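Architecture and fold: a report
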Amino acid sequence: MSMPTQGSGPDSGYHAAGAPHTADEVRGSSLGELMRQVTADLSTLMRQEVELAKAEIRQEGKKAGKAAGFFGGAGFGGYMVALFLSIALWAGLSNVMDAGWAALIVAVLWAAIAGVLYAMGRKNAERIRGLKQTNDSVQRIPDALKPHPEGVTR
């Protein structure tokens, strides 16, 4: 949906939403016109911020989904590998030592593997940066609402 412009003629006193106004234009406008312009500008600004947040959420959601997939895959893969190889290794080591010591050796090996998989998942999760652009943009909104010295337009 596009924002309708508010009169474009030189004598109309209106600008498109977001266009800067000179001090003479502001003095020549009624309070109702100024309030309508401020309301339209704020409405446009809020719509733009919501759209920016939606776009960033989609981008960051993809990264979070990928990290979750790595964590899930690491957990399931670690479980299956630990289950079957542990049984095989335990049975093999039981031929040369006590079964209890063989089980402990197998458990320590798979703990190390699980640690490596966890570190890979955490590294990928650190790439998720949040809504950086939206956050930066929203923090600038209060500055835009403060009065500025006469003659200075933004």
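Residues numbered from 1 in each chain as written. Predicted model: local features only at pLDDT ≥ 70, side-chain atom pairs only at ≥ 80, totals over all residues. Heavy atoms only, no water.

**A closer look at the overall build of the chain**
- Helix and strand counts for the chain stand at 4 helices and 0 strands.
- For the chain, long-range pairs separated by at least 24 residues make up 67% of all intrachain contacts whose partners lie at least 6 apart in sequence.
- Only carbon and sulfur atoms are counted for the fraction: they give 66% of the accessible area of the chain, which is about 11100 Å². (Helix = DSSP H or I, 4+ residues; strand = E, 2+ residues; numbered from the N terminus. Contact = heavy atoms within 4.5 Å. Areas by Shrake-Rupley, 256 points an atom, 1.4 Å probe, with all protein chains shown as cover.)

**Digging into the pattern of salt bridges**
- Applying the stated criterion to the full structure yields 3 salt bridges.
- With a closest N to O distance of 3.6 Å, E51 and K54 form a salt bridge. Linking E51 with K54, this pair stays in helix α2 (residues 31-93), spanning 3 residues, or about one helical turn.
- By relative accessible area, which is 41% here, K54 ends up partly exposed.
- One salt bridge connects E126 with R122, and the closest N-O pair in it is separated by 3.9 Å.
- Take E126: its relative accessible area is 58%, and that puts it in the exposed class.
- By relative accessible area, R122 is classed as partly exposed at 45%. (Salt bridge = Lys/Arg side-chain N within 4 Å of Asp/Glu carboxyl O. Buried < 20%, exposed > 50% of the residue type's maximum accessible area, 1.4 Å probe, protein only.)

**Observations regarding a nonpolar patch on the surface**
- Taken together, the side chains of L89, V96, M97, W101, L104, I105, V108 and L109 make up a nonpolar region of the molecular surface, amounting to roughly 760 Å² of accessible area.
- Here the element with the most residues in the nonpolar patch is helix α3 (residues 99-125); it accounts for 5 residues.
- Its place among the elements puts V108 in helix α3. (Patch = residues over 30% accessible without salt bridge, like charges linked within 9 Å, V, L, I, M, F, W, Y side chains within 5 Å.)

**Quick look at the packing of α2 against α3**
- Contact geometry of α2 with α3 gives a least axis separation of 9 Å together with a crossing angle of 165 degrees. When the axes of α2 and α3 are compared, the pair comes out roughly antiparallel. The handedness of the crossing between α2 and α3 is right-handed.
- Partitioning the contact of α2 with α3 into residue classes produces 20 nonpolar, 4 polar and 2 charged. (Axes fitted to C-alpha atoms, helices over the stretch in contact; angles between N-to-C directions. Parallel < 35°, antiparallel > 145°, perpendicular 65-115°, else oblique. Left-handed = near helix turned anticlockwise from the far one by under 90°. Nonpolar A, V, L, I, M, F, W, Y, C, P; charged D, E, K, R; others polar.)

**So, α2**
- Along its 63 residues, α2 runs 88 Å from first to last C-alpha, staying within 8% of the 93 Å computed at 1.5 Å per residue.
- Along α2, the sharpest kink reaches roughly 25 degrees, centred on S86. (Expected span 1.5 Å × (residues − 1). Bend = angle between axes of the 7 residues up to and from the residue.)

**Some details on the confidence of the model for the chain**
- On average, residues of the chain carry a pLDDT of 78, and 78% of them reach 70 or more.
- Ignoring residues within four places in sequence, the model shows residues 1-14, a span with pLDDT below 50, making 17 contacts including any to other chains. (pLDDT = per-residue confidence, 0-100.)

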